[in-house]
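For reference, the chains in residue letters:
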Amino acid sequence: MEVFEKQPLGSEVALRGWVYRVRTQKEHVFIILRDATGIIQVVVDSSSPFFSEAENVTIESSIHVKGIVKKDPRAPGGLELRATDFKTISLAEPFPITKGASREFLLDVRHLWIRSRRMNAVLKVRDEVFRSLHEFFRKKGFLEVQAPMFITAAVEGGASLFEVDYFDRKGVYLTQSSQFYLEALIFSLEKVYTVAPSFRAEKSRTRRHLTEFWHAEAEMAWYTFKELLELEEELISYIVDQVLENKRKELELLKRNVTLLENVKPPFYRISYDEALEILSKKGFQLKWGEDFGADEERALTLEFDKPVFVYGYPEKAKAFYHKNDPKRPEVTLSADLLAPEGYGEIIGGGERIENIHELLEKIKKFGLEQSQYEWYIDLRRYGSVPHSGFGLGLDRLTMWICGLDHIVDAIPFPRTIRRIYP
Ligand code: 4AD
Ligand code: MG
């Protein structure tokens, strides 16, 4: 109700919105009216010709109302509207969402639940995340590009590919990552990024896995591993800062502890995979060297930190084949995951890529992959290869952490998980 809040007391304003709450008390009908910007109290007197119309209005009915702005300390926001005109646009049937509805039910009626003040706040933060991400990359001179969603070769391993019925062709899948296309595009544009869905047929039923998620990916020619991490921490700090600056009200509504977010400034912590393993073993996790961390490990690990932490130098076999091995220590890669604090865990995966053709061919063989599937990707090492680095950021996970949500499905309007594909 931002428009309303800007009106001088005593002036007449016209509002449109939905009935959030309604109750009749003696001589008045009190309606809490909701629009995209917030809520406001509307009061209809029994003396007005539209009193009975207002009295009979139902939750989520859409209305037009005109009225005089008055101060009222008891009203939410300290202001109310004394109605001078009232019109029902569409009288709603009994609204199915009532207090105490279960999480599953709210997901079944997600198309209605997105009207809630809580979802409204999350979606505004999410919008700010997307907006500021684009702004950041533009300011840094990146070009925005688009990659196909139908692909023929796995980027992140075959196990999580969704195969699609593509006319009579076998071996067509939904993309897991636009990375390889971005790698091709840097030879033309040098610094590129994209924001697109990625798909993972992961059987993981965790609080942080979607089958369709929003992926921001960037790829940079000439960037070293060190420069890559600096770019990532600058990006995350910028987004968090913009949310704090422009979406305070929403964070408050979500009861987010903003002190923790205010802490998000470069430099982030940097620990090696080996150090992470040591911390985890002290916490009772029996991981063998070489194993990747799962949600539980990352949760335990990041509860130790008050701002994001990079875990770098993952063992070769824990990361995808395209990662460049560390020349100083070939059993580990120049890779890093960025983990969000407070138990949230991985939000970014990235690293320096293999630029040498022989190294790449060897790695493809070592990982038991079919070279013929990656011919165009290998070509990039044939014609003027350059050192380069890149990363992928999960925007739903980032929104989840910034909002302090306990499940990723609440960070996206219409979540897709193993069990849910409706509405
Ligand atoms: O770590 P991932 O799998 O890395 C890649 O896909 C690289 N090819 C990216 C790149 O370097 N261009 O995924 C990157 C990020 C993760 O850190 C996580 O935030 C998010 O994508 N992500 C998911 N988010 C929600 N649900 C899932 N199932 C996700 N899988 C990955
Ligand atoms: Mg990863």
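Residues numbered from 1 in each chain as written. Chains lettered and ligands numbered in written order. Predicted model: local features only at pLDDT ≥ 70, side-chain atom pairs only at ≥ 80, totals over all residues. Heavy atoms only, no water.

Colleague: Before we go on, may I ask you to explain the site of ligand 1 in this structure?
Modeller: Close contacts around ligand 1 come from 23 residues, with Glu156, Gln179, Glu217, Glu346 and Ile347 the closest. One nitrogen or oxygen atom from the side chain of Arg200 is found 2.9 Å from an oxygen atom belonging to ligand 1. Between Tyr322 and ligand 1, the recorded distance is 3.3 Å, taken from a side-chain N or O atom to a nitrogen atom. Coverage of ligand 1 by the protein amounts to 95% of the 620 Å² it exposes when considered alone. When residues of the shell around ligand 1 are traced back to their parent elements, those giving at least two are strand S10 (212–221), strand S16 (345–352) and strand S17 (388–394). Examining the composition of the shell around ligand 1, we find that 4 residues originate from one element, S16, more than from any other. Residues of the shell around ligand 1, tallied by class, amount to 8 nonpolar, 7 polar and 8 charged. (Near = heavy atom within 4 Å. Polar contact = N/O pair within 3.5 Å; in protein donor to acceptor, adjacent residues only side chain to side chain. Areas by Shrake-Rupley, 256 points an atom, 1.4 Å probe, with all protein chains shown as cover. Helix = DSSP H or I, 4+ residues; strand = E, 2+ residues; numbered from the N terminus. Nonpolar A, V, L, I, M, F, W, Y, C, P; charged D, E, K, R; others polar.)

Colleague: Help me understand the packing of helix H5 (residues 117–139) against helix H14 (residues 395–403) in this model?
Modeller: Closest axis-to-axis distance for the H5/H14 pair is 10 Å, and the angle between their directions is 125°. On the basis of the axis angle, H5 is oblique to H14. Every pair of crossing elements has a handedness; the one defined by H5 and H14 is right-handed. Side by side, H5 and H14 meet where Val122, Val125, Arg126, Val129, Phe130 and Leu133 of the first sit next to Leu395, Asp396, Leu398, Thr399, Ile402 and Cys403 of the second. Looking at the contact of H5 with H14 residue by residue, the classes come out as 9 nonpolar, 1 polar and 2 charged. (Axes fitted to C-alpha atoms, helices over the stretch in contact; angles between N-to-C directions. Parallel < 35°, antiparallel > 145°, perpendicular 65-115°, else oblique. Left-handed = near helix turned anticlockwise from the far one by under 90°. Contact = heavy atoms within 4.5 Å.)

Colleague: Explanation requested: H14 in the structure shown.
Modeller: Since there are 3.6 residues in each turn of an α-helix, residues three or four apart along the chain are aligned in direction. Counted residue by residue, H14 has 9 buried out of 9 residues, so it is predominantly covered. The complete set of buried residues in H14 reads Leu395, Asp396, Arg397, Leu398, Thr399, Met400, Trp401, Ile402 and Cys403. Where H14 terminates, the next one or two residues include Gly404, which has phi positive at roughly 70°. (Buried < 20%, exposed > 50% of the residue type's maximum accessible area, 1.4 Å probe, protein only.)

Colleague: Teacher, can you tell me more about the packing of aromatic side chains here?
Modeller: Two aromatic rings are characterised by how far apart their centres lie and by the angle between their planes. Applying the stated criterion across every chain, the model contains 23 aromatic pairs. For the pair Tyr269 and Phe305, a centre-to-centre distance of 5.3 Å together with 50° between the ring planes defines the contact as tilted. Taken as a pair, Tyr269 in strand S11 (residues 269–272) and Phe305 in the loop between helix H11 (295–302) and strand S12 (309–312) lie far apart in primary sequence, 36 residues in all. Accessibility expressed as a relative area gives 31% for Tyr269, which makes it partly exposed. Since its relative accessible area comes to 14%, Phe305 is described here as buried. Ring geometry for Phe321 versus Tyr377: centroids 6.3 Å apart, planes at 80°, classification edge-to-face. Of this pair, Phe321 sits in the loop between S12 and strand S13 (325–326) while Tyr377 sits in helix H13 (residues 375–379), and the two are 56 residues apart along the sequence. With respect to burial, Phe321 and Tyr377 carry one shared label: buried. Joined through ring pairs, the aromatic side chains of Phe180, Tyr181, Phe321, Tyr322, Tyr374, Trp376 and Tyr377 make up one cluster. Here Arg23 stacks its cationic end above the ring of Phe30, 4.5 Å away from the centre of that ring. (Phe/Tyr/Trp six-rings, centres within 6.5 Å; stacked < 30°, edge-to-face > 60°. Lys NZ or Arg CZ within 6 Å of the ring centre and 35° of its normal.)

Colleague: Help me understand the pattern of salt bridges in this model?
Modeller: Side-chain pairs of opposite charge can arise whenever the charged atoms involved come near each other. Taken as a whole and judged by the stated rule, the model has 34 salt bridges. Linking Glu230 and Lys226 is a salt bridge whose minimum nitrogen-to-oxygen distance equals 3.2 Å. On the criterion of helical spacing, the pair formed by Glu230 and Lys226 is a turn pair, its members being 4 residues apart in helix H7 (residues 225–246). A relative accessible area of 34% places Glu230 in the partly exposed class. Residue Glu262 is joined to Arg248 by a salt bridge in which the shortest nitrogen-to-oxygen separation is 2.9 Å. (Salt bridge = Lys/Arg side-chain N within 4 Å of Asp/Glu carboxyl O.)

Colleague: Can you walk me through the sheet that holds S12 in this structure?
Modeller: Backbone hydrogen bonds hold the strands of a sheet together, and the pairing may be parallel or antiparallel. Spatial strand order, S6-S9-S10-S17-S16-S15-S12-S11: 8 strands in an open sheet with mixed pairing. Unpaired on one side and paired on the other, strand S6 (143–144) and S11 mark the two borders of the sheet. Pairing analysis gives 4 bridges linking S12 to strand S15 (residues 335–340), with the strands arranged antiparallel. In the strand pairing of S15, Phe310 is matched with Leu338. (Pairing = 2+ DSSP bridges.)

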